[in-house]
Amino acid sequence: VAAITAVATASVYRWWYSNRVYGPLKCDFEGDGCQVVKDLRYGTAKNDTYDIYQPPAKISTNLFILFHGGGFVYGDKSDDKRWAEFLATKGFVVAAVNYPQYADSVQWSVEASYMQVEKAVDAVVEECRSRGCDVKNIAVGGRDSGGTLAMLYAYRNNSAAHEMVRF
């Protein structure tokens, strides 16, 4: 009886949690006229890439930059695809960014990842502007290690784009 109760409780919780958290992310990204440009480069290293998700109205002034999670050990910009698509359908230009991780180099550090994030944000802003988006407001965010990098960028950086960070 205890085992059956535990399995049933876990199943109900998993169903409730997935529908509550991920339910609102369902969107018709392609059908809404959004588009994605993949694997743009901001540096020369293997992971120095980002994707841009553009809303139908490409003149958006709001840019949301997502940094993936993974504890600085694993993860990829594609992990945030659903969030990026969801935000693009709400009118944001979204950039999902890769950054250096522990496995990429013996010289890795959080500082090294942060320095690449600064370069990435500047490159993303320039790319958006070259695509006709007049970026005036930037939001940075992420999960886990990506959240750490977002907070570092929001509160401590030397990037030219920093003055546009709103949240």
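Keep in mind the model is a prediction, meaning the values are calculated, not measured.

A. Molecular detail of the overall build of the chain. Within the chain, the regular secondary structure consists of 4 helices and 5 strands. In the chain, the succession of helices and strands from N to C terminus is α-β-β-β-α-β-α-β-α. Buried residues in the chain amount to 42% of all 167 residues. Put simply, 73% of the contacts in the chain that link residues at least 6 apart link residues at least 24 apart. For the chain, the exposed area adds up to about 9100 Å²; of that, 57% sits on carbon and sulfur atoms.

B. Looking closely at unusual backbone geometry. Backbone geometry at D39 places phi at a positive 60 degrees, although glycine is not the residue there. Secondary-structure assignment places D39 in strand 1 (residues 35-41). For F72, which is not a glycine, the phi torsion comes out positive at approximately 65 degrees. Accessibility expressed as a relative area gives 11% for F72, which makes it buried.

C. Expanded view of the side chain of T49. Mapped onto the elements, T49 comes out in strand 2 (residues 49-54). Using a relative accessible area of 7% as the deciding quantity, one classes T49 as buried. Among residues more than four places away in sequence, those in contact with T49 are D39, L40, R41, Y42, K77, A96, V97 and N98.

D. Local environment of the state of the cysteines. A complete count under the given rule lists 0 disulfides for this structure. Sulfur of C128: no disulfide; nearest cysteine sulfur belongs to C133 and is 5.4 Å away. Classification of C133 as buried rests on a relative accessible area of 2%.

E. View of the sheet that holds strand 3 (residues 62-67). Read from one edge to the other, the open sheet built from 5 strands follows the order 1-2-4-3-5, with strand pairing classed as mixed. The sheet terminates laterally at strand 1 and strand 5 (137-142), the two strands that pair on one side only. Put simply, the sheet's adjacent strands are angled 20 degrees from each other on average, direction ignored. Bridging between strand 3 and strand 4 (residues 93-97) involves 5 bridges; their strand directions are parallel. Of the residues in strand 4, the one forming a bridge with I65 is A95. Packing of helix 2 (residues 81-89) onto the sheet brings it into contact with strand 2, strand 3 and strand 4, and relative to strand 2 it is tilted by some 35 degrees. Of the strands in this sheet, strand 3 and strand 5 touch helix 4 (residues 145-155), which is tilted by about 145 degrees from strand 5.

F. Highlighting the packing of aromatic side chains. Scanning all chains against the criterion turns up 7 aromatic pairs. Summarising the aromatic geometry, the rings of Y42 and Y50 are spaced 6.5 Å apart at their centres and angled 35 degrees between planes, so their arrangement reads as tilted. On the basis of an interplanar angle of 85 degrees and a centroid distance of 6.3 Å, the ring pair of W83 and F86 is categorised as edge-to-face. Of this pair, W83 and F86 both sit in helix 2, 3 residues apart, which is roughly one turn of that helix. Take W83: its relative accessible area is 36%, and that puts it in the partly exposed class. Given a relative accessible area of 17%, F86 falls into the buried group. In textbook terms, an aromatic cluster arises when at least three aromatic residues are bridged by ring pairs, as seen for F72, Y99, Y102 and W108.

G. A look at the pattern of salt bridges. Scanning the entire structure with this criterion turns up 8 salt bridges. A salt bridge links D39 to K77; the nearest nitrogen and oxygen atoms lie 2.8 Å apart. Placement of the pair is D39 in strand 1 and K77 in the loop between strand 3 and helix 2, with a sequence separation of 38 residues. Residue classification places D39 among the partly exposed positions, given a relative accessible area of 48%.

Basis of the calculations
Residues numbered from 1 in each chain as written. Predicted model: local features only at pLDDT ≥ 70, side-chain atom pairs only at ≥ 80, totals over all residues. Heavy atoms only, no water. Helix = DSSP H or I, 4+ residues; strand = E, 2+ residues; numbered from the N terminus. Buried < 20%, exposed > 50% of the residue type's maximum accessible area, 1.4 Å probe, protein only. Contact = heavy atoms within 4.5 Å. Areas by Shrake-Rupley, 256 points an atom, 1.4 Å probe, with all protein chains shown as cover. Disulfide = S-S within 2.5 Å. Pairing = 2+ DSSP bridges. Axes fitted to C-alpha atoms, helices over the stretch in contact; angles between N-to-C directions. Phe/Tyr/Trp six-rings, centres within 6.5 Å; stacked < 30°, edge-to-face > 60°. Salt bridge = Lys/Arg side-chain N within 4 Å of Asp/Glu carboxyl O.

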